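In case you want the letters, here they are:
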Amino acid sequence: MTPDPAPGAGSLLDVLASVLEMPAEEVAARLGESFFGLGGTSLDAMEIVDRAEEELGLTVDVGHLLGMAPLSTVLAACVPARVPPPAPTADRRPVLPEQESFLSAERLIGAPMHHVSGAELTGPLDEEALREAVRLLVVRHESLRTVFEETEDGHLRHVLPDWRPGLVRLEPPGTAGGDPVAAVHAELARTSADLLADGGRPAVAFVLTRFADRHHLLSLVVHRALVDGWSIGLLWRELTGRYAALTAPAVPVVPPGPGAVVSGPGAASGGSAVPDPGGEAPAPSPDLLLDRWADLAATGDLDRLTRRRVEQLGGFPPIVELPGDLPRPAEFDFRGSRLTFTLDARTRDAAERSAGRAGVTVTAVLLAAWQLVVARRCAMDRFLVGVGVARRDRASATRLVAPCVRTVPIRCVIDDAEPVEEYLRRTARAVAEGVVSADVPLGVISRGLPGGRAMADRRRVPLLQITFSAQETVLPEQVRAGGLTVRYHEAFTGLVAADAGLSVLRWDPTPRLALDHATAVLTAAEARVLAEALRAALRGFDSGHGRPLARVRTIPARQRRWLRRRRDARSPGGGLVILDERGGLVPPGGVGELWHADAGPAALRRSGDLARWDGAGRLRLLGRRDEQVTVFGHRLDLTEIRDRIRSHPDVADAVVAGTGADDPAHRLLLAAVVLRRPLDDPLGVLVPFTAEGLPRYMLPSRWAIVDAIPTSPDGGHDLRRLEHLAISPNRHSSGAPVSGLRNAGAERRSDEGRHRA
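Residues numbered from 1 in each chain as written. Predicted model: local features only at pLDDT ≥ 70, side-chain atom pairs only at ≥ 80, totals over all residues. Heavy atoms only, no water.

Novice: Pulling in residues and values, what's your account of the nonpolar core?
Specialist: Of all hydrophobic cores here, the largest spans 66 residues; its most connected members are L366, W370, L424, F468 and F541. Sort the elements by how many residues they give to this core and helix α13 (residues 362–378) lands first, with 13 residues. Dropping the residues within four chain positions of it, F541 is found in contact with S354, V365, A368, A369, L372, V420, Y423, L424, L549 and V552. Ranked by size, the runner-up nonpolar core spans 40 residues in total, among them L103, L144, L218 and L226. (Core = buried A, V, L, I, M, F, W, Y, C linked by side-chain atoms within 4.5 Å. Buried < 20%, exposed > 50% of the residue type's maximum accessible area, 1.4 Å probe, protein only. Helix = DSSP H or I, 4+ residues; strand = E, 2+ residues; numbered from the N terminus. Contact = heavy atoms within 4.5 Å.)

Novice: Account for the environment of V79, naming residues and giving values.
Specialist: Residue placement: V79 occurs in strand β2 (residues 79–80). The exposure class assigned to V79 is partly exposed, which follows from its relative accessible area of 41%. Spatially, the C-alpha atom of V79 lies 5.6 Å from that of L58, the residues being 21 residues apart in sequence.

Novice: Kindly report on the packing of aromatic side chains, identifying the contributing residues and their values.
Specialist: Tallying each qualifying case throughout the model produces four aromatic pairs. Centroid distance W236 to Y488: 6.2 Å. Interplanar angle 50°. Geometry classified as tilted. With W236 in helix α9 (residues 229–247) and Y488 in strand β17 (residues 484–490), this residue pair connects regions lying 252 residues apart in the sequence. For W236, a relative accessible area of 3% corresponds to the buried category. Residue Y488 is classed as buried on the basis of its relative accessible area, which comes to 12%. With centroids separated by 5.1 Å and ring planes inclined at 85°, the aromatic side chains of F332 and F334 adopt a geometry described as edge-to-face. A cation sits over an aromatic face here: R237 above W230, 5.5 Å from the ring centre. When the ring centre of F689 is taken as reference, the NZ or CZ atom of R644 above it lies at 3.9 Å. (Phe/Tyr/Trp six-rings, centres within 6.5 Å; stacked < 30°, edge-to-face > 60°. Lys NZ or Arg CZ within 6 Å of the ring centre and 35° of its normal.)

Novice: Just give me the short version of helix α14 (residues 420–436), but keep the residues and values in it.
Specialist: For α14, built from 17 residues, the straight-helix expectation of 24 Å at 1.5 Å per residue is met to within 8% by its first-to-last C-alpha distance of 25 Å. Listed in full, the buried residues belonging to α14 are V420, E421, Y423, L424, T427, A428, A430, A432, E433, G434 and V435. (Expected span 1.5 Å × (residues − 1).)

Novice: Go over the side chain of R553 with me, naming the residues and quoting the values.
Specialist: With respect to the element layout, R553 can be found in the loop between α16 (524–543) and α17 (557–567). Among the polar contacts listed, one links the side chain of R553 to the backbone oxygen of A550, at a separation of 3.1 Å. In this structure, R553 is in contact with R376, D416, R560, D580, G584, L585 and P587, ignoring residues within four places of it in sequence. (Polar contact = N/O pair within 3.5 Å; in protein donor to acceptor, adjacent residues only side chain to side chain.)

Novice: Describe unusual backbone geometry, listing the residues and the values that go with them.
Specialist: Of note, the amide linkage connecting D508 to P509 takes the cis form, showing an omega dihedral of -5°. Within the secondary structure layout, P509 lies in the loop between β18 (500–506) and β19 (512–518). A positive phi is found at F334, a non-glycine position, where the angle reads about 65°. Mapped onto the secondary structure, F334 falls in the loop between α11 (301–313) and β12 (336–342).

Scope: geometric values only; no functional claims are made or implied.
If you want it as structure tokens, here you go:
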């Protein structure tokens, strides 16, 4: 039984049909299918949300629309749109949580958090018209007139009533035959701190560089606390459209709207049509998002969303350790590099076929492939990936210049037994689940997760070390405006907030992606291998459709050939293979158990050692399998922790074990210690001593002081007994006794004596 459509749903069918470019009758006949099943995309969803509110006065739940729910359910859930409040007039206003995060991060890392993009202009340039177009753009969007003021309690926004940025002129740096646009943007990224030095001015600059009489570059340098990817696209569309209107005032303008276009001189002679100039009325204020937050808090919905999200993510480890050849530094420095790459036609077609079979978007397929690439190398089947989600589910928000994107943790579950298509649908559902909870701050989630706060350290960004984003800007590569050919560019400024992040920059006509990576964590060669693995995963989804996910190993053909040589005992240094816990082949660089194939390819002998092939093709042994444990996502060598405790002069013996739940997200470290002499406060001595030589996440959270290490009947350590005896350092510091623990060995010996008697 399907729900009854809400009032206005009939007209909404027409909107759906228009956006999906199919007859309304066909949409009506397929209401039992999901939005993605009808071929919709995330950009289509944003257009539907916008038109439903503007044309019909209805609010469409974007979470339902982006999920796998039938369209009939989405239509039934529509409610009347909320009337936006009038624009605020206060001189000082609160900042958005995202803005406070960017401003705090800038102070923390000591590097400017700026975004650099540009429009390459070819043709006769009217500088006066360009200057006026910039002025009108700044007047329309208050974010471009915003100054941040620091207070004892954080930051406030001050919107200047009138500010004219003008055009900053920059001489082109020497390129020695290289890319002049890239050279300018590299210079702007290097000097942006000086360019946007505060002085009570907004952190916005429009920079004009002249390469030749008919060749210029207009660059926009702006603080990331003011914009996101969608905002950048919106600003360039409006600026280009305003310039076209100013240089050809007789050209009719299509009414404003996302993606609306105007025709301009030369539009038919190449390039896309000129974007909409955006209208004359002031654009929406970032206060829209603050109002949304206040509404959620007032109704209790925010608390409900927070509790549900923490519960959903509770069983997932907050750390993903991507193996690499570089030792992780003691402090994450946020410095990074970008690898830009494309997908060939074969891989693109494979991704689109997989999306069609599963009834999901290509974006979901790309995310699923990226997750699998990471999983095969980390030996993890449950972890979190940070996915950029735009909180633009109202029509007014689509015209808002502000940092609306929030990186939310998405659940990744790798079940090798399930078919490829089900894994893709699972990924799409996880994204929709994250969209619904996008208003919950990441810090709140982190504090609520087991180990999310306790396992944090300065060596990595908390909670999200692997990220994914689909670029929000919908700019074409090139447009014609006012006699100019305009080509858009985006610069990479050298800062990253994750170990590795995949971004989809563009899908049509040729897919272009970027892999940003922390240079202190991954090498450029390792980033190239990950890009190759992504292509292999996308092709593997297609060739393995209908089959178990275990068949998709994300190993490129050249690496497969190399692994076959390593497995062949007849090859020099051969007879070796690294497998995961299910017996699947581990890609080079990934962690697994070393097996010997010296008795032939069909007969394997396990070694018990964890190992990986490094970037130079050398075998790196990582320790015995039974001496390593994963706690909150960290793969820990228990011998390193044990040896640190044993190095204390008052310690006679010690053992360290992973104990508690089988799930790594809830596993704890337990240390049992035998003392050489009694100590009044053993934990007060041993815990700080251990902490001096180990990172925080390697510190045992349970301790037992015993006369002797208890053993089980099979001769091993009696972990169950130690679990019963152990206490936490926090409990001890609150006054719980520990002296009785020293009698554990004697108590055990007494029990043994009674059994012998």
